[in-house]
Amino acid sequence: MSRTLRELLDGNAAHAADFETRFDAVQDAQHPEAVTVCCSDSRVLQDHVWGNDEPGRLFTCGNIGNRVVQQTADGEVVSGDVLYPIEHTGTDTVVVMGHTGCGAVTATYDALTDGVSEPPGIDHCLDLLAPHLEPGVEALPADLDRAAAINRLVEYNVDRQVAFLRESDEVPDGTDVFGVVYDFQDVYSGRRGEVHVVNVDGERDVETLRDAHPEVADRIERRWEY
Ligand SMILES: [Zn+2]
């Protein structure tokens, strides 16, 4: 047996000991408060980011590049991973979370600027991001170094995913849609591991957002106001 799996199973045994009594209220059904869409990046621990260890509270989706878009024969639709809790569990809050130094955003940037290609499965994921990121790549300030450009594109990607949800007929109008960026690279102010709100229901002007949400004004921050 691989050491990795043994260590994972040890960790799970501790989890089970801790969680044994925590499923009573949700054993047969779930009504999560929010669906969160995060990059699969191993440095972003989706439940931990929110301090969440309560089963049933958050419906967590993960994929490279925190996409909410899925391609079907009829064109782009809201990914079923995101839509499921909205349709089936009464969830009325969506949080799209990007992160600094995102590899998927980097690979999409490279594909758009240098035509770099990846294995087909990865290309498929990047192709879902590329048309949404292309206008952002074109609008990037010219004087940025590569890391700064990509971190601005991380914000732009969150904006585009939020916009896609808001423009979709499948997401009810009353759904709250938030866009945030998780930072572990000291790109934003504050501590490593803090989430920064960059978009609330499509609004991305920092001063407007701070005026509208003074209780979290210090958590609202952007690197790119375009
Ligand atoms: Zn990522």
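Right above here is the structure, for reference.
Just so you know, the residues in each chain are numbered from 1, in the order the chain's sequence is written. Whole-chain, interface and lining totals are the exception, using all residues; otherwise, since this is a predicted model, local features are given only for residues with pLDDT of at least 70 and side-chain atom pairs are given and counted only at 80 or more. Hydrogen atoms and water are omitted, and side-chain values are computed over all heavy atoms in the structure.

A.B. asks: What is the right way to read helix H4 (residues 103-114) from this model?
C.D. replies: An α-helical segment advances 3.6 residues per turn. Residues three or four places apart therefore align on the same side. For H4, built from twelve residues, the straight-helix expectation of 16 Å at 1.5 Å per residue is met to within 8% by its first-to-last C-alpha distance of 15 Å. For every residue, the accessible area obtained with a 1.4 Å probe (protein chains only) is divided by the maximum for its type, and the residue is called buried under 20%, exposed over 50%, and partly exposed between those limits. Only DSSP runs of H or I with at least four residues qualify as helices, and only runs of E with at least two residues qualify as strands; both kinds are numbered from the N terminus onward. When we look at burial in H4, the residues that qualify are Ala104, Val105, Thr106, Ala107, Thr108, Tyr109 and Asp110. We call two residues in contact when some of their heavy atoms are within 4.5 Å. Close packing links the buried residues of H4 with helix H5 (120-139) and helix H6 (146-167). The first or second residue beyond H4 is Gly115, which carries a positive phi of 70°. One less than the number of residues in a helix, times 1.5 Å, gives the span that helix is expected to have.

A.B. asks: What am I meant to see in the pattern of salt bridges here?
C.D. replies: Should their charged atoms come close, side chains of opposite charge can pair. Here, a salt bridge means any Lys or Arg side-chain nitrogen found within 4 Å of an Asp or Glu carboxyl oxygen. Following the criterion strictly, the structure yields eleven salt bridges and no others. Salt-bridge contacts for Asp18 lead to Arg22; the nearest nitrogen and oxygen are separated by 3.3 Å. Judged by its relative accessible area of 43%, Asp18 is partly exposed. Of the charged contacts in the structure, one is a salt bridge between Arg222 and Asp159, with a shortest N-O distance of 2.8 Å. With Arg222 in the segment after helix H7 (206-212) and Asp159 in helix H6, the pair connects residues that are 63 residues apart, well separated along the chain. Neither residue differs from the other here; Arg222 and Asp159 are each classed as buried. Salt bridges here are not isolated pairs; linked through shared partners, they connect Asp18, Arg22 and Asp53.

A.B. asks: Is there a simple way to think about the packing of aromatic side chains in this case?
C.D. replies: Geometrically, a pair of aromatic rings is defined through the distance of the ring centres and the angle of the planes. Planes of paired rings set the category: under 30 degrees apart is stacked, over 60 is edge-to-face and the rest tilted, where pairs are Phe, Tyr or Trp rings (Trp by its six-membered ring) whose centres lie within 6.5 Å. Summed over all chains, the structure comprises six aromatic pairs. Consider the rings of Trp224 and Tyr226, whose centres lie 4.8 Å apart with planes at 50°: the pair is tilted. Residue Trp224 is classed as buried on the basis of its relative accessible area, which comes to 6%. Tyr226 gets classed as partly exposed once you look at its relative accessible area, which sits at 34%. Three or more aromatic residues joined by ring pairs make a cluster, and in this case those are Tyr156, Trp224 and Tyr226. Across the ring face of Tyr156, the terminal group of Arg160 is positioned such that the distance to the ring centre comes to 4.8 Å. The cationic tip of Arg223 hangs over the ring face of Tyr188; the distance from NZ or CZ to the ring centre is 5.4 Å. Look at NZ for Lys and CZ for Arg. If either is within 6 Å of the ring centre and within 35 degrees of the ring normal, a charge sits over the ring.

A.B. asks: Please clarify how the sheet that holds strand S7 (residues 194-200) should be interpreted in this entry.
C.D. replies: Sheets are built from strands that pair by backbone hydrogen bonding, the pairs being arranged parallel or antiparallel. One open sheet holds the five strands; their spatial order is S2-S1-S5-S6-S7, and the pairing between them is mixed. A single partner strand is all that each edge strand has here, and the edge strands are strand S2 (58-63) and S7. Along the sheet, successive strands turn relative to each other by an average axial angle of 25°, direction set aside. Bridge analysis of strand S6 (residues 176-183) against S7 gives six bridges, and the strand direction is antiparallel. Following the sheet pairing, Tyr182 is matched in S7 by Val195. Where helix H3 (residues 80-88) meets the sheet, it contacts strand S1 (34-39), S2 and strand S5 (93-99), and its direction lies at approximately 170° from that of S2. At least two bridges found by DSSP between two strands is the condition for calling them paired. In this analysis, axes come from line fits to C-alpha atoms, helices being fitted only over the stretch in contact, and the angle between any two N-to-C directions falls in the range 0 to 180 degrees.

A.B. asks: Mind showing me how you'd approach the coordination of the zinc ion here?
C.D. replies: Four donors placed tetrahedrally about a metal ideally form angles of 109.5 degrees, and six donors placed octahedrally ideally form angles of 90 or 180 degrees. Metal donors: N, O and S atoms at distances within 2.8 Å, or within 3.2 Å for Na, K and Ca, with water omitted from the atom set so that some sites may seem incomplete. Protein ligation of the zinc ion involves Cys39 (SG), His99 (NE2) and Cys102 (SG), the donor distances falling in the range 2.0 to 2.3 Å. Look at where the donors of the zinc ion fall in the sequence and you get C-x59-H-x2-C. Of this pair, Cys39 sits in strand S1 while Cys102 sits in the loop between S5 and H4, placing them 63 residues apart in sequence. Of the two residues, Cys39 and Cys102, neither departs from the other in class, the shared state being buried.

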